[in-house]
Amino acid sequence: MKTKWYFFFLTMIAVSAILYAWLGIQEVKPVKIGILMIGENRYEKFTGLQDGLEDLGYSRPEVQYRVMNAKDDEERLSKQIDQLLIEEPDLIVTLGGIETQSLKKKMDQQHKQIPVVFAGIAAPKELGLIEDYKSPGGLFTGINNYHESISGKRLEMLTSLVPEIEKVHVLFDSKIEVSKLSLQETKAAALTLGVTVVPCDASSKECLNTLWKNAGKKDAILILPSFRIESLTDQIVKLTEEKKIPSMGLYDFEAENGLLASYGASFHSQGYQASRFVSLILQGNKPADLPVELPDGIRFVINQQTKESLGVTYNQDLLYIADLIHPEAQGGRKR
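So, here is what we can say about the structure in this document. Bear in mind that the values here come from a model prediction, so they are computed numbers and not experimental data.

Cut-offs and rules
- Residues numbered from 1 in each chain as written.
- Predicted model: local features only at pLDDT ≥ 70, side-chain atom pairs only at ≥ 80, totals over all residues.
- Heavy atoms only, no water.
- Pairing = 2+ DSSP bridges.
- Helix = DSSP H or I, 4+ residues; strand = E, 2+ residues; numbered from the N terminus.
- Axes fitted to C-alpha atoms, helices over the stretch in contact; angles between N-to-C directions.
- Contact = heavy atoms within 4.5 Å.
- Core = buried A, V, L, I, M, F, W, Y, C linked by side-chain atoms within 4.5 Å.
- Buried < 20%, exposed > 50% of the residue type's maximum accessible area, 1.4 Å probe, protein only.
- Phe/Tyr/Trp six-rings, centres within 6.5 Å; stacked < 30°, edge-to-face > 60°.
- Patch = residues over 30% accessible without salt bridge, like charges linked within 9 Å, V, L, I, M, F, W, Y side chains within 5 Å.
- Areas by Shrake-Rupley, 256 points an atom, 1.4 Å probe, with all protein chains shown as cover.
- Salt bridge = Lys/Arg side-chain N within 4 Å of Asp/Glu carboxyl O.
- Right-handed = clockwise from strand over helix to strand, strands pointing away.
- 1 Å grid on protein atoms, 1.4 Å probe; cavity = no way out; pocket = protein on both sides within 12 Å on 5 of 7 lines; lining within 4 Å.
- Points joined across faces, edges and corners; volume = space filled by probe spheres on them.
- Lys, Arg positive; Asp, Glu negative; His and termini not counted.

**Comments concerning the sheet that holds strand β8 (residues 219-223)**
Okay, so step 1: Ordered by their spatial adjacency, seven strands build an open sheet running β7-β6-β8-β9-β10-β11-β12, and the pairing between neighbours is mixed. Looking at strand neighbours, the two that pair on one side only are β7 (196-201) and β12 (323-325), the edges of this open sheet. Each strand of the sheet is rotated relative to its neighbour by a mean of 25°, with strand direction disregarded.
Okay, so step 2: Bridge count for strand β6 (residues 167-172) against β8 is five bridges, and the pairing is parallel. Bridge pairing links V170 to L222 in β8.
Okay, so step 3: Contacting β6, β7 and β8, helix α7 (residues 206-214) crosses the sheet at an angle of about 170° to β6.

The following block contains the structure:
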């Protein structure tokens, strides 16, 4: 009798172990996250997102990323969004303004209900992506990178950094709403500062040609938000190097590549900050209830090599508060 109970007990243990293992396998269902990026420059946001989620305890097997890189092609981006909506991931992370606006339009048309986190865009309320910053409503929330609002501050910092500047060529994109809003902010600041600004529409192929012809001594270049302008970084760097004129960008990678300075939240930090929103949504929170955040930090970066090569006089007080970077010595991306 004891022998029968002994074998029965062993059998129950074995069945329980198998059942527990089977249930465990069933529970490990990976989360599928769609990633939309207009071009390669924004990959650093994706890296920041991955790093943030790993620090929050999400291991790679638990999360599957479906990365869509449009290679700076808006038609390809549109097709990729259609494909991603067919696949219906658990959540979508957009890495910029053009990606977010295009996705919102498609989701509205197709009546899709997928939570979306934007990893850094400017003026989301003004663009109609959310109802309010404290209570976004709908399916979208994330990071307001504040680029439109600090465009005037960038102009002020550029002209204060190099006091001899008399005219600033402002690169904007007439096909990007945030870029146009940023131009308005810049013009308003120019009136206060008494600085001459000359807009240059980067959506036209003539823009850079015009700059090559017209940019001269005591001129400078200020960059406004646009994926198109991001893709022209190397050409802009070459122009500023040959003309020896100061320049101010939005992102630290632009300064790393050779612009004199940048002022804004880095791509990596925006992606890292967005990971908190992703985690909260995966825990059951709704995007509509998660307030949009401003960047955790904004960096003022100066490229040391570019600074030394321009042959201009600098405001020492601003140099003191800047992060001086040495891209070549640090293995940076200057090309």
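**Notes on the nonpolar core**
General note: in soluble globular proteins, nonpolar side chains tend to be found buried as a group.
Okay, so step 1: Core analysis: the largest hydrophobic core is formed by 29 residues, its most contacted members being L161, V168 and F300.
Okay, so step 2: For this core, the secondary-structure elements that each account for two or more residues are α5 (151-161), β6, α6 (177-193), β8, β10 (261-264), β11 (299-303) and α13 (316-321).
Okay, so step 3: Here this core gets four residues from one element, more than from any other, and that element is α5.
Okay, so step 4: Not counting residues within four places of it along the chain, the set of residues in contact with F300 comprises M157, L161, M248, A261, S262, Y263, L318, I321, A322 and D323.
Okay, so step 5: In terms of nonpolar packing, the next biggest core, distinct from the first, is built from 25 residues, L85, I98, F227 and V292 among them.

**What about the sheet that holds strand β2 (residues 63-69)?**
Okay, so step 1: Read across the sheet, five strands follow the order β2-β1-β3-β4-β5 without closing on themselves; strand pairing throughout is parallel. At either margin of the open sheet sits one strand with a lone partner, and together these are β2 and β5 (140-144). Mean inter-strand twist for the sheet, computed between neighbouring axes without regard to direction, equals 20°.
Okay, so step 2: Where strand β3 (residues 91-94) meets strand β4 (residues 116-121), three bridges bridge the pair, whose relative direction is parallel. In the sheet register, T94 faces β4, and the bridge partner there is F118.
Okay, so step 3: Against the sheet, helix α3 (residues 74-87) touches β1 (31-37), β2 and β3, its axis set at about 155° to β2.
Okay, so step 4: Against the sheet, helix α4 (residues 97-110) contacts β1, β3, β4 and β5, and its axis sits at roughly 150° relative to β4.

**A look at the packing of aromatic side chains**
Two numbers describe a pair of aromatic rings. These are the distance of the centres and the angle of the planes.
Okay, so step 1: For the coordinates displayed, the defined rule picks out six aromatic pairs.
Okay, so step 2: Their ring planes at 85° and their centres at 5.5 Å tell us that Y43 and F46 sit as a pair that is edge-to-face. Taken together, the residues Y43 and F46, both in helix α2 (residues 43-55) and three residues apart, mark about one turn of the helix.
Okay, so step 3: For Y43, a relative accessible area of 35% puts it in the partly exposed group.
Okay, so step 4: Overall, F46 belongs to the buried group, its relative accessible area being 3%.
Okay, so step 5: Plain terms: the ring middles of F46 and Y65 are 5.1 Å apart, the flat faces sit at 80° to each other, and that makes the pair edge-to-face. Remark: Y65 occurs in strand β2 and F46 occurs in helix α2; sequence separation between them is 19 residues.

**Some details on a nonpolar patch on the surface**
Okay, so step 1: The grouping of Y146, L294 and I298 at the surface amounts to a nonpolar patch, some 250 Å² of accessible area in total.
Okay, so step 2: Tracing the sequence through the fold places I298 in the loop between α11 (267-282) and β11.

**A look at the pairing of β6**
Okay, so step 1: In terms of residue burial, β6 counts as a mostly covered element, since five of its six residues are buried.
Okay, so step 2: Where β6 meets β7, six bridges bridge the pair, whose relative direction is parallel. The residue bridging L171 from the neighbouring strand is C200, located in β7.
Okay, so step 3: Note that the unit made of β6, α6 and β7 has a crossover that is right-handed.

**Considering the layout of surface pockets**
Okay, so step 1: What the largest pocket holds in volume is close to 360 Å³.
Okay, so step 2: In terms of lining, the largest pocket is formed by 16 residues, of which the most central are A202, S204, K205, R228 and L232.
Okay, so step 3: Elements represented by at least two residues in the lining of the largest pocket include exactly α7, α8 (227-231) and α9 (233-243).
Okay, so step 4: Looking at which element gives the most residues to the lining of the largest pocket, the answer is α7, with four residues.

**Comments concerning the side chain of R154**
Okay, so step 1: Examined against the element boundaries, R154 turns out to sit in helix α5.
Okay, so step 2: Buried and without a salt bridge, R154 has E254 as its closest oppositely charged side chain, separated by 7.1 Å.
Okay, so step 3: Beyond its immediate stretch of four places on either side in the chain, R154 contacts H147, L222, M248, G249, L250, Y263 and G264.

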